[in-house]
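Survey of secondary and tertiary structure
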Amino acid sequence: LSLLEAMASGLPVVASAVGGIPAVVRDGDDGFLVPAGDVAALGAALVRLAGDPVRRARLGEAARRAAQAWSWNSIWERHEALLSDPHPREGAPPCG
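Residues numbered from 1 in each chain as written. Predicted model: local features only at pLDDT ≥ 70, side-chain atom pairs only at ≥ 80, totals over all residues. Heavy atoms only, no water.

Time to look at the overall build of the protein. Across its full length, the protein holds five helices and two strands. In the protein, the order of α-helices and β-strands from amino to carboxyl end is α-β-α-β-α-α-α. For 96 residues, the compact-globule estimate of 2.2 N^0.38 gives 12 Å, and the C-alpha radius of gyration of the protein, at 16 Å, exceeds that figure by more than 25%. With respect to the principal axes defined by its C-alpha atoms, the protein has extents near 50 × 25 × 20 Å. Looking at the protein as a whole, 23% of its 96 residues are labelled buried. Split by element, the accessible area of the protein, about 6,500 Å² in all, is 60% carbon and sulfur. Averaging the coordinates of the 9 positive side-chain charges in the protein and doing the same for the 11 negative ones gives two points 8 Å apart. (Helix = DSSP H or I, 4+ residues; strand = E, 2+ residues; numbered from the N terminus. Rg over C-alpha atoms; globule rule 2.2 N^0.38 Å. Buried < 20%, exposed > 50% of the residue type's maximum accessible area, 1.4 Å probe, protein only. Areas by Shrake-Rupley, 256 points an atom, 1.4 Å probe, with all protein chains shown as cover. Lys, Arg positive; Asp, Glu negative; His and termini not counted. Charge placed at Lys NZ, Arg CZ, Asp CG, Glu CD.)

Next comes the structure, spelled out in structure tokens:
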């Protein structure tokens, strides 16, 4: 949740590529993903952001847009569309 809060505030994020984080952060598009426990990669990603204000602004704006897809309204609309479809697509992921 804190990643989405940062992204919604227009901040690019640097996070470990574990669990569901790669589903939220797109490496190089709205933040950076680093291998878990790789301190050198974490430091390098932070230095890249700190040293490049143009990239930081671009990633931050992309992060803000990406976070909107995870807003409660967006999630509600996706679930409502899924649940109201009388003929769901074969192979569509289950709801829930």
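All right, on to the nonpolar core then. Of all hydrophobic cores here, the largest spans nine residues; its members are Met-7, Val-13, Ala-15, Val-24, Val-25, Leu-33, Ala-63, Ala-66 and Ala-67. Of all elements in the fold, only β1 (13–16) and α4 (53–68) reach the threshold of two or more residues within this core. Examining the composition of this core, we find that three residues originate from one element, α4, more than from any other. Setting aside anything within four residues of it in sequence, one finds Ala-66 in contact with Met-7, Arg-26 and Asp-30. By size, the runner-up hydrophobic cluster in this structure holds six residues, among which are Val-34, Ala-41, Ala-45 and Leu-59. (Core = buried A, V, L, I, M, F, W, Y, C linked by side-chain atoms within 4.5 Å. Contact = heavy atoms within 4.5 Å.)

Worth remembering: the numbers are spatial, not functional.
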